[in-house]
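# Architecture and fold: a report
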Protein chains: 2
Amino acid sequence: MQTTTIKIDSAAIVLKLLGDKTRLTMVKLLETHNCCVCEFVEIFQASQPSISQHLRKLRDVGLVNEQRRGQWIFYSINTEHAFFPFLKEVLKQVPKQDYRIKYLEENGTRITCC
Amino acid sequence: MQTTTIKIDSAAIVLKLLGDKTRLTMVKLLETHNCCVCEFVEIFQASQPSISQHLRKLRDVGLVNEQRRGQWIFYSINTEHAFFPFLKEVLKQVPKQDYRIKYLEENGTRITCC
DNA sequence: TGATTATATAAGTGAATGCTTATATAATTA
DNA sequence: TAATTATATAAGCATTCACTTATATAATCA
């Protein structure tokens, strides 16, 4: 009973995080492509701090991991997270956003270091 | 492209609505039991206006329907909503909340009119 | 080594959110 | 018909949110 209560509350926290179009799109993209901050800045045409702050929220609950590679910091989905299966199922319902990666590639702003 | 953008934005709006433990629990309950406002007041030990306002948000985007039966207004899931399949899949990931209905029944506060 | 690039974080701000209290309306009951 | 019950809604308020600008740090490059 208590466990159930805790679980649905945690689910609400995750859904709240996903309830923002920028973060939802980020996570959908990360499902298939690791991305760095500057790629997101380009994709969303948003300021760098704004993007960093969205990523921080995802990182704070552990849904994503960060990994530095050279001057870039790449983000990826944390598949070890207790809510990863939940996240996966939600993302399954969301349309692919791969065209945004294509845009980067055509744009020459896709980062493929190391 | 445009369609895809609109869809993921709409998905984010729905997820944001579900990203509140009260509304998420409400919708999970409504998945299996139609409920009236006073039942939610009892279940969540919340004020009547607070419950009404949560239901209004769900109603405003059309996720739930309301139907007056005598002095009560019963809420139900709108299975005709474009996002109903999406909602259904999300709810599938959320633990059942039926024990809350049992609580009403044992409590004598379950409304079963008409 | 100094300039540049990529990133994080802090502080400030306006808008949105979820609650409260107060009030209005609709149906039921005495 | 008056009182009660169920509900909606409006207004006010504290908190949260997503953004901005400003600044700091870390890595790379010239």
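Above this text sits the structure in question.
Attention in this report is confined to the structure presented alongside it. (Residues numbered from 1 in each chain as written. Chains lettered and ligands numbered in written order. Predicted model: local features only at pLDDT ≥ 70, side-chain atom pairs only at ≥ 80, totals over all residues. Heavy atoms only, no water.)

Turning to the relation of the copies chain A and chain B, a few remarks are in order. Superposing chain A onto chain B takes a rotation of 180° plus a shift of 0.0 Å along the axis, which leaves an RMSD of 0.0 Å. The transformation just described matches what one would write down for a two-fold rotation axis. (Least-squares fit on C-alpha atoms with pLDDT ≥ 70 in both.)

In the neighbourhood of DNA strand C, 26 residues make up the surrounding shell, with Cys-38, Gln-48 and Tyr-75 of chain A together with His-54 and Lys-57 of chain B lying closest. One of the side-chain N or O atoms of Lys-16 of chain B is found 3.3 Å from a phosphate oxygen in DNA strand C. Within the side chain of Ser-50 of chain B, one N or O atom sits 3.1 Å away from a phosphate oxygen of DNA strand C. Elements that contribute at least two residues to the surface near DNA strand C include exactly helix H3 (37-44), helix H4 (48-60) and strand S3 (72-77) of chain A together with helix H4 (48-60) of chain B. Of all the elements, H4 of chain A adds the most residues to the surface near DNA strand C, at six residues. Partitioning the surface near DNA strand C into residue classes produces eight nonpolar, ten polar and eight charged. (Near = heavy atom within 4 Å. Polar contact = N/O pair within 3.5 Å; in protein donor to acceptor, adjacent residues only side chain to side chain. Helix = DSSP H or I, 4+ residues; strand = E, 2+ residues; numbered from the N terminus. Nonpolar A, V, L, I, M, F, W, Y, C, P; charged D, E, K, R; others polar.)

What follows deals with the side chain of Thr-25 of chain A. Tracing the sequence through the fold places Thr-25 of chain A in helix H2 (residues 21-32). On the basis of relative accessible area, Thr-25 of chain A is assigned to the buried category, the value being 1%. When near neighbours in sequence (up to four residues on either side) are disregarded, Thr-25 of chain A contacts Phe-44, Gln-97 and Arg-100 of chain A together with Ile-8 of chain B. (Buried < 20%, exposed > 50% of the residue type's maximum accessible area, 1.4 Å probe, protein only. Contact = heavy atoms within 4.5 Å.)

The subject of this paragraph is the side chain of Gln-97 of chain B. Residues and elements named next belong to chain B. Looking at the element boundaries, Gln-97 is found in the loop between helix H5 (84-92) and helix H6 (98-107). Using a relative accessible area of 1% as the deciding quantity, one classes Gln-97 as buried. Polar contacts involving the side chain of Gln-97 include one to the main-chain carbonyl oxygen of Pro-95, which spans 3.1 Å. Side chain to side chain, Gln-97 and Arg-100 meet in a polar contact 2.8 Å long.

Take the packing of aromatic side chains next. Overall, the coordinates contain four aromatic pairs over all chains when judged by the stated rule. Where Phe-40 of chain B meets Phe-44 of chain B, the ring centres are 6.0 Å apart and the plane angle is 25°; that geometry is what we call stacked. Here Phe-40 of chain B pairs with Phe-44 of chain B, and both are found in helix H3 (residues 37-44), just four residues apart, close to one helical turn. Like Phe-40 of chain B, the residue Phe-44 of chain B is buried in the burial classification. A cation over a ring is seen here: Arg-69 of chain A above Phe-74 of chain A, with NZ or CZ 4.2 Å from the ring centre. (Phe/Tyr/Trp six-rings, centres within 6.5 Å; stacked < 30°, edge-to-face > 60°. Lys NZ or Arg CZ within 6 Å of the ring centre and 35° of its normal.)

This brings us to the packing of helix H2 (residues 21-32) of chain B against H6 of chain B. The relative placement of two packed helices comes down to the angle between their axes together with the axis-to-axis distance. Residues and elements named next belong to chain B. Running from N to C, H2 and H6 cross one another at 75°; their axes reach a closest spacing of 9 Å. Accordingly, the angle class assigned to the pair H2 and H6 is roughly perpendicular. Here H2 contributes Thr-25, Leu-29 and Thr-32 to the contact with H6, which in turn contributes Asp-98, Arg-100 and Ile-101. (Axes fitted to C-alpha atoms, helices over the stretch in contact; angles between N-to-C directions. Parallel < 35°, antiparallel > 145°, perpendicular 65-115°, else oblique.)

Let us look at the protein's contact with DNA strand D. What surrounds DNA strand D is a group of 26 residues, the closest being His-54 and Lys-57 of chain A together with Cys-38, Gln-48 and Tyr-75 of chain B. Close to the protein, within 4 Å, the atoms of DNA strand D belong to sugar or phosphate groups at a rate of 62%. The contact in question runs from a base oxygen of DNA strand D to an N or O atom on the side chain of Gln-53 of chain A, over 3.0 Å. Listing elements by their share of the surface near DNA strand D, those giving two or more residues are H4 of chain A together with H3, H4 and strand S3 (72-77) of chain B. Ranked by residue count, the leading element in the surface near DNA strand D is H4 of chain B, at six residues. Taken together, the residues of the surface near DNA strand D sort by class into eight nonpolar, ten polar and eight charged.

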